[in-house]
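Below are the chains, spelled out letter by letter.
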Amino acid sequence: MTRSIADQTVTELGGPGSVFVRQRADHEQLDRLLQELDGTTGTEQERVLRRIDRLVFSHAFAEETVLWPVVRRVLPDGEALTLQVEEEHQEVNELVSTLETLGHDDPRRAATLARLVQVLREDVRDEEDVMFPRLQQALDGPALRRLGRQWEVARRVSPTRPHPTVSRRPPGNAVSGLPLSVLDRTRDLVDAGVQHAPARLAPAGRAVSHGLAAVAGWVERVPLARRGDRPPTSR
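Residues numbered from 1 in each chain as written. Predicted model: local features only at pLDDT ≥ 70, side-chain atom pairs only at ≥ 80, totals over all residues. Heavy atoms only, no water.

Between its first and last C-alpha atoms helix α4 (residues 109–138) spans 42 Å; for 30 residues at 1.5 Å apiece the expected length is 44 Å, and the two agree. The largest bend in α4 comes to about 40 degrees, at F132, with the proline P133 one to four residues further on. (Helix = DSSP H or I, 4+ residues; strand = E, 2+ residues; numbered from the N terminus. Expected span 1.5 Å × (residues − 1). Bend = angle between axes of the 7 residues up to and from the residue.)

If you want it as structure tokens, here you go:
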């Protein structure tokens, strides 16, 4: 009988550095951020959401480029398992993209935010309770630690913002990942600077951020960036 990785020790999960240990640490951080998000409004809500975005999108992109291909290779039902999670990732991308267009007073914002939190929590449970215990049966400790190192490298160079039209699978995500990561992380720095810069410089900073967003949108629409998706996540 399989056990959720949430209930296992570090040793059981393959030791320090195992992909499961790294994944669980991110999931625990996400849970803390979601608790922090609860009840927030206005600019404080935006700040917490940006922290969630930076965690979630880099985490998911690394899963899709490094981890899910392994799941599909070693598990007989890996295709179905990964497709379900990819659909959750796609919905998160679309929900966050929608939130970015909604003002704080928009009546649709609360329902969109509630759905985002629900999907994020469902995604964690599908991975920790269903997919990862199955993968654990197929890989030994050294393989899990090796996969953990590969996933961590990918996470550090993955995009940090929603890109709903980019493929959730290779080759599209692999091709678009690095340019989108550079653009997203530059925008993160610019946006952080705008928050602390003198008011007279804020319009220029926002213009730079919007310009970077436009370039990212162009990258998303490159045909190769959209190759590899299955119909449920293809946009």
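The predicted coordinates should not be examined in detail at positions where pLDDT is low. Taken over all residues, the pLDDT of the chain has a mean of 94, while the share at 70 or more is 100%. Mean pLDDT across the elements of the chain bottoms out in helix α6 (residues 172–196) (92) and peaks in helix α1 (residues 19–37) (98). (pLDDT = per-residue confidence, 0-100.)

This part takes up the pattern of salt bridges. Counted by the stated rule, this structure contains 22 salt bridges. As a salt-bridge pair, R72 and E86 come within 3.1 Å of each other at their nearest N and O atoms. A residue pair is termed long-range when its members are at least 10 positions apart, and R72 in helix α2 (residues 42–74) and E86 in helix α3 (residues 78–99) qualify at 14 residues. Judged by its relative accessible area of 1%, E86 is buried. Between R169 and E79 there is a salt bridge, with its nearest N and O atoms 3.1 Å apart. (Salt bridge = Lys/Arg side-chain N within 4 Å of Asp/Glu carboxyl O. Buried < 20%, exposed > 50% of the residue type's maximum accessible area, 1.4 Å probe, protein only.)

Moving on to the packing of aromatic side chains. Scanning all chains against the criterion turns up two aromatic pairs. On the numbers, 5.3 Å between centres and 40 degrees between planes, the contact of F20 with F132 is tilted. Of the two residues, F20 is situated in helix α1 and F132 in helix α4; the sequence distance between them amounts to 112 residues. Among the residues examined, F20 registers a relative accessible area of 0% and is labelled buried. (Phe/Tyr/Trp six-rings, centres within 6.5 Å; stacked < 30°, edge-to-face > 60°.)

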